[in-house]
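A structural walkthrough
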Amino acid sequence: MDDAQLAQVESLCETLYTGMPSSGGEKISREEAQSRLLSLQSSASFIPQCQYILDRSQSQYALLVASNSLTELISSHWNNFTIAQRIDIRNYVLGYLANNGPTLQDFVTLSLIKLVCRITKLGWFDDSTHRELTDDVTKFLQATVDHCILGLKILNQLVDELNIPTSGRTLTQHRKTSVSFRDLCLFKVFQLGLTTLKQLQTRAITADHRQEVILGEQALSLTVRCLNFDFIGTNPDESTEDVGTIQAPTNWRPVLQDPGTIELLLDFYANTEPPRSNKAMEAVILICSVRRSLFPSDKEREAFLGRIMAGIRELLKNQTGLQHQDNYHQFCRLLGRLKANYQLSELVKTEGYLDWLELAASFTTQSIRNWQYSTNSIHYLLALWGRLVAAVPYVRPDSGAKGHVQALENHVLNVIECYIEGMLGSVETVMRSEGALEDPLEDDGSLMEQMDRLPTICRFQYNSVATIILAKFDPLMEKYRELMSHLMTSSTESAPQNVAQQVNVIEGQLTWLTYICGAIVGGHSWSSSRIGNGEETLDASLSKRVLQLAQGMDFRLTSSNGVGKADVKLEMAMLYYFQNFRRVYMFMWEVRFSSGSDSMSMGGMKLESVPSTKQKVYQNMFENMGLGDHTVVANLIVTKIGKNLKFWPDEHEIVSKTLDLLTDMAGGYSSSKLLLTLDTVKYLASHHTHEEFPFLNVLSNARKRTTFHAILVRLLLSPNGQEKLGVTFDQFMEPIIETLSQLGALDATQLRSEAARMPLIGVFRDLRGVAMSLHNRRSYGMLFDMIEPRHMPLLSRVAESWFDQPDVMISLLRFVQEFCHNKANRVNFDQSSPNGILLFRATSDVVCAFGRRALSASAPTSGDIYKSKYKGMSLALSIINSALGGNYVCFGVFALYNDPALENALDISLKMALGIPLEHVVAYPKLSSSVFGFVEIIFRNHIKTTLALDTSVFMQLMNAVHEGLQSSDAQISSMCANSIDHLATFYYENSGKDKPEVHNFNKHLAAQQDLFTSLTATLFNLLLFGPPQNHWAVMRPMLSLMLASESSFTAYKDHLMSTQDSTNQALLNESFNKLLSDVNRSLESANRDRFTQKLTAFRVSTRGFLTL
């Protein structure tokens, strides 16, 4: 490289990162600039050019590109370098950082640091020099302040690099390196971070304020990274905030146990600002979470816990740093974590436990009162109290601080009372803020986190908590009834402003109470030791209020014909309550007791026995509720479901959650049997039209039509379902069949009119829902007989007319896809029945009608091309895949009787598959799954047809398979590998035979002589150098391909040998010999499996020495 080429590279880098070339540079697009610069990463021969750029360039962007390219080249071509060369590159980059690091931009520095750490990781076992990086970095720490910052950044990146697996290396290799680093260096790195913090604390480092801030951030980040290290290879989930137990090695004990360590971090927390202060608190959380076995005795662990408790008490007393939200959040995490890592029996024995408990309760109540600043942190505090009360049964009352159980009971009650009052008060606060404050009821994630933690806490003092809730609920209900009597049948919005505000506030408060009641009732446990102590009567008291509220809301809705609606959030809370109530109290609803008798009826059988404790609790629950038996309550819930579907058609979320509830009820064994006895369900089954339930006619609810009908058909076809609901399957289908008849009577113009759009979408969505719930031959046959032959022609007519309208076509194609899918072997006709052939004919007609028109239509110039064009094609190919692989058609019949249905379907499907640009196929996962699924099935079941294609078309198909084979999606590469396997197996088993398909294949091979060679090379390259998720897929066709074309395998072996030096050639030849030993010339399963195991061993052995 010379200065002119350097200037060109700098211009390209400026274009890539700023959009504008440097002065005098060529004006090109960013994509073109990126493409040219990526050539620097294509071969190890570009390493000198990258070094030249680092040595000569003044452009920070050019330095970044050179550094990134070096990192990629080192990672990809590691085996190309000798050990001495690797050390030279490492020393060169370290020297470069030492000389130029302080003057470089941060992004360049970080890229060079990543390069050093990558070399260190890959060469860890090559030479001791790599393992001495920590010692080399110590020199940075002892130099200038800027070098000290640089050294800390290197150590941070080093810990990350050795902790996180690198793509292309096996997990075993990673863990081996990681464990060695842990044992040799990690503790020293941790000490360096703490030493830097001590030096900052004692002012031993002379630095300006900016440098002090950066040093503090880097040293604290290093401390946190070291403590977060994956010490024992558990691969913790980084997506969760919860900290697991820190498995620190035993030699860390002196530092972790040292009182000075916690004091140092707490001092940093108290005397700095975020982000340093919250990083210090994060480090404290991690140290608090160290494993129990680290301490040699309970006494030392108690002393350690005592110091942490004392530190927390001090922070709580002084409210240190808690005015910052980041600090506050981390402190809440610390409190929540404390009980998770220490048993209550240990906490109560620590000095000042009662003081700590009081301060924690005070802090919690203060946080709840100031909920607007702590919404995302409250659940940590609730988790603390939940864990404390859950452990009470396991602690002797006389152990530890005197009266600790009584103190905990008092504080928990205060916390819950404050929580209820705080959340009820939040409603008015949010309304008065006029949008300035976010409503906590709208933050679904945080709300559910809080609700998940409430049951344990509330049930600890359930009597008192229930009294508090009822004291709030009853007056609000009374006031709500009073307001509703004034509003009568008018909507809340039409009321005077002051009345509307009152209603909104009360509905908001009732929403909170409904959520809380739902959470508590949902926390009832049938396996708990506390069952039978009367808690069910409290559940009944709370449930009674909520169900009465639901009745009141229903009455207002019905009497006003849907005008008098409650707040959407209250409706959502009601559905949450119903879900929890269903989960806890509906699983035994087939059990009925006759009063004054010991007999029990279960599913129609009389059992002479004394009811068990659980059955008494169950019976007691409904008696105390006072609303009637379980059937009455279930009918009330289902009536609410019906009202929601009738009067909330435009509220997508309510419709969705309502149908989820109905799905869950219909999915339970006991609850589904109960549903069949309810009048409301009978009404739903006989009136499932949009006239009765307007949500069915809202376009955005089109998917919900499918769900609705799937639920009803599941109930209808359950044992005795038709008898109990008083509706036969034929009667249920009447409205749908009538719509099909009306649509079928329309001429082509009328069928394409806008008036037909919604009926078409609706009827196909409904039919799909019906078909989804048909799981056996009998029920499937009932639907098939209704549609065939009278209504089948309508499907292809609609495909012909509406091919360019995605909403109609997707509804049609999804129904056809479900209808021809042979799940659970339901599409299973009699031997003498032509229905399988008729079904395929109809399927072929639909796909052909749509495919021809879609292929002839011009591509859309704007909008979403997937939705407007490719989604329909994807579904059409999925339909053909289901039909071809359904095993309900003897496809030989079509050619025998000159029926073109199969030929047309394959022809159109092939044109669709090959008509979509390959880059678009790969870009859309569902489309690629359909296209490559079709390719795989024609190679598997229709190889004769495939080989009869023109050579140009066949090679286009093979090119698609070749590209798909290299996909990062394991499913796609697996389907393409299977396609190659089918082809190679056919050739191996039939080569030399006088068959038309063999002659066709030979003709293709003559035109493309390197077909097998290129496939063999790609498969072996993927095995040796590709991502690990593809290995199993690519190994499948290798044996059949090697047997089909031994010359291709020999050519690849010779080529690979020629790229290696003499030492590697000997090793590679030995590996190939081991691979081929004991492998027979057959494709039996046992031989395939043996060869696959040998391929795995071959890959592992050769990866260690192969150079690219």
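Residues numbered from 1 in each chain as written. Predicted model: local features only at pLDDT ≥ 70, side-chain atom pairs only at ≥ 80, totals over all residues. Heavy atoms only, no water.

1. What to know about the overall build of the chain
Our working rule: By definition, any uninterrupted DSSP run of H or I lasting at least four residues is a helix, any uninterrupted run of E lasting at least two residues is a strand, and each is numbered from the N terminus. In this scheme, a residue with accessible area under 20% of its type's maximum is buried, one over 50% is exposed, and one in between is partly exposed, where area comes from a 1.4 Å probe on protein chains only. In these tables, accessible area is a Shrake-Rupley quantity obtained with a 1.4 Å probe, and a residue counts as shielded only by the protein chains included in the view. As used throughout, the charge tally considers Lys and Arg to be positive and Asp and Glu to be negative, leaving His and the chain termini uncounted. Each charge is placed at NZ for Lys, CZ for Arg, CG for Asp and CD for Glu.
Along the backbone of the chain there are 53 helices and three strands. With respect to the three principal axes, the spread of C-alpha positions in the chain is 95 × 95 × 65 Å. Per-residue burial for the chain yields a buried fraction of 55% across its 1108 residues. Of the roughly 47,500 Å² that the chain leaves accessible, carbon and sulfur atoms contribute 49%. Across the chain, the centroid of the 101 positively charged side chains sits 4 Å from that of the 115 negatively charged ones.

2. Comments concerning the confidence of the model for the chain
Where we set the bar: Known as pLDDT, the predictor's per-residue confidence is scaled from 0 to 100. Here a residue-residue contact requires only that any non-hydrogen atoms of the pair lie within 4.5 Å.
Confidence in the prediction of the chain, expressed as mean pLDDT, is 89, and 96% of residues score 70 or more. This stretch, residues 589–609, has a pLDDT under 50; its non-local contacts, to residues over four places away or in other chains, come to 40 contacts.

3. Considerations on the layout of surface pockets
To find the voids left in a structure, one rolls a probe of water-molecule size over its atoms. As a reminder of what qualifies: A pocket, in this scheme, is an open set of points on a 1 Å grid over the protein atoms alone with protein on both sides within 12 Å along at least 5 of 7 lines, while a cavity is a set where a 1.4 Å probe fits but cannot get out; residues line either one if an atom lies within 4 Å of a point. Grid points are joined across faces, edges and corners, and a volume is the space filled by probe spheres set on the points. Residue polarity follows a fixed list, in which Ala, Val, Leu, Ile, Met, Phe, Trp, Tyr, Cys and Pro are nonpolar, Asp, Glu, Lys and Arg are charged, and the others, Gly among them, are polar.
Here the largest pocket defines a volume of roughly 1,000 Å³. Around the largest pocket, the lining comprises 38 residues; the ones closest to its centre are Ser75, Trp78, Gly168, Arg169 and Arg1103. Among the secondary structure elements, those contributing two or more residues to the lining of the largest pocket are helix H4 (60–76), helix H6 (106–122), helix H9 (171–201) and helix H48 (1011–1025). For the lining of the largest pocket, the element with the highest residue contribution is H9, accounting for four residues. Among the residues forming the lining of the largest pocket, the class breakdown is twelve nonpolar, 17 polar and nine charged.

4. A look at the environment of Asn701
Here is the rule: The definition of a polar contact used here is a pair of N or O atoms within 3.5 Å, where within protein one atom must be able to donate a hydrogen and the other to accept one, and adjacent residues in sequence count solely through side-chain atom pairs.
Residue position: Asn701 is located in the loop between helix H29 (679–686) and helix H30 (702–716). Polar side-chain contacts of Asn701 include one of 3.4 Å to the backbone oxygen of Phe695.

5. Regarding unusual backbone geometry
The general pattern is negative phi for most residues beyond glycine and trans for most peptide bonds. In this model, Pro274 is joined to Pro275 through a cis peptide bond whose omega is 5 degrees. Inspection of the secondary structure assignment puts Pro275 in the loop between helix H12 (259–271) and helix H13 (276–288). Phi is positive for Asn561, which is not a glycine, with a value near 55 degrees. Here Asn561 is to be found in the loop between helix H23 (535–559) and helix H24 (568–585).

6. Points about helix H52 (residues 1062–1076)
For clarity, the cut-off: To estimate the expected span of a helix, count its residues, drop one, and scale the result by 1.5 Å. As used here, the arc belongs to the directions running from the helix axis to the C-beta atoms.
With 15 residues, H52 should cover 21 Å at 1.5 Å per step; its first-to-last C-alpha distance of 21 Å lies within 8% of that length. Residues of H52 that are buried include every one of Asn1064, Leu1068, Ser1071, Phe1072 and Leu1075, and no others. For H52, the angular spread of buried residues about the axis comes to 100 degrees, placing them on one side. Exposed positions of H52 whose direction lies more than 90 degrees from the buried face are Ser1062, Thr1063 and Lys1074.

7. Points about the packing of aromatic side chains
So the rule is basically this: Between 30 and 60 degrees the pair is tilted, below 30 it is stacked and above 60 it is edge-to-face, where a pair is any two Phe, Tyr or Trp rings, Trp via its six-membered ring, whose centres lie within 6.5 Å. Look at NZ for Lys and CZ for Arg. If either is within 6 Å of the ring centre and within 35 degrees of the ring normal, a charge sits over the ring.
All chains considered together, the criterion is met by 42 aromatic pairs. Here the aromatic rings of Tyr866 and Tyr924 are separated by 4.9 Å at their centres, their planes lie at 25 degrees, and the arrangement is stacked. Highlighted residues: Tyr866 in helix H39 (residues 865–884) and Tyr924 in the loop between helix H42 (918–923) and helix H43 (925–941), separated in sequence by 58 residues. Grouped by ring-pair contacts, the aromatic residues Trp124, Phe181, Phe187, Phe190, Phe229, Phe231 and Trp252 constitute a single cluster. A cation sits over an aromatic face here: Lys176 above Phe125, 5.2 Å from the ring centre.

8. Topic: a negative patch on the surface
Using the following cut-off: Note that patches include only residues with greater than 30% relative accessible area and no salt bridge, and the join distances are 9 Å for like charges and 5 Å for nonpolar side chains (Val, Leu, Ile, Met, Phe, Trp, Tyr). Just to be clear on terms, a salt bridge is a Lys or Arg side-chain nitrogen sitting within 4 Å of an Asp or Glu carboxyl oxygen.
Taken together, the side chains of Asp444, Glu653, Asp660 and Asp664 make up a negatively charged region of the molecular surface. When residues in the negative patch are grouped by element, the largest group, three residues, is from helix H27 (residues 652–667).

9. With respect to H39
Note the threshold: Throughout, the bend at a residue refers to the angle made by two axes, fitted to the seven residues ending there and to the seven starting there.
Helix length check: H39, at 20 residues, gives a terminal C-alpha distance of 27 Å against a target of 28 Å (1.5 Å per residue), a fit within 8%. Most pronounced at Lys871, the bend in H39 amounts to some 35 degrees. Burial analysis of H39 places 18 of its 20 residues in the buried class, which makes it a mostly covered element.

10. Structural notes on the packing of helix H19 (residues 404–432) against helix H22 (residues 497–522)
How we decide: In this analysis, axes come from line fits to C-alpha atoms, helices being fitted only over the stretch in contact, and the angle between any two N-to-C directions falls in the range 0 to 180 degrees. Oblique is the label for any angle not under 35 degrees, not over 145, and not in the 65 to 115 range, which are roughly parallel, roughly antiparallel and roughly perpendicular in turn. Here is the rule for handedness: rotate from the far helix to the near one, and if that takes an anticlockwise turn smaller than a right angle the crossing is left-handed, while a clockwise turn gives right-handed.
Relative orientation of the contacting elements H19 and H22 amounts to 150 degrees, with a least axis distance of 9 Å. One finds that H19 runs roughly antiparallel with respect to H22. Remark: the crossing between H19 and H22 carries right-handed chirality. Between H19 and H22, the residues in contact are Tyr419, Ile420, Met423, Leu424, Ser426, Val427, Glu428 and Met431 and Gln501, Asn504, Val505, Gly508, Gln509, Trp512, Leu513 and Ile516, respectively. Each residue belonging to the contact of H19 with H22 can be placed in one class, and the counts come to ten nonpolar, five polar and one charged.

11. Some remarks on empty space enclosed by the protein
This model, assessed by the stated rule, comprises two cavities of 30 Å³ or more. Met792, Leu795, Phe815, Val816, Phe819, Cys820, Leu839, Ala842, Thr843 and Val846 are the residues that line the largest cavity. Contributions of two or more residues to the lining of the largest cavity are made by helix H36 (792–801), helix H37 (806–819) and helix H38 (835–856). The element that contributes the greatest number of residues to the lining of the largest cavity is H38, accounting for four residues. The class makeup of the residues in the lining of the largest cavity is nine nonpolar, one polar and no charged. Within this model, the second largest cavity holds a volume of roughly 40 Å³. Forming the boundary of the second largest cavity are Ile262, Leu266, Val284, Ile308, Gly311, Ile312, Leu315 and Leu334. Split into classes, the residues belonging to the lining of the second largest cavity amount to seven nonpolar, one polar and no charged.

12. Notes on the packing of helix H51 (residues 1046–1058) against H52
One can describe the packing of H51 onto H52 by two numbers: an axis separation of 9 Å at closest approach and a directional angle of 155 degrees. In terms of orientation, H51 lies roughly antiparallel with respect to H52. H51 and H52 meet at a crossing whose hand is right-handed. When H51 is examined against H52, the residues Phe1049, Lys1053, Leu1056, Met1057 and Ser1058 are found in contact with a partner set consisting of Gln1065, Leu1068, Asn1069, Phe1072, Asn1073 and Leu1076. Of the residues assigned to the contact of H51 with H52, the class counts are six nonpolar, four polar and one charged.

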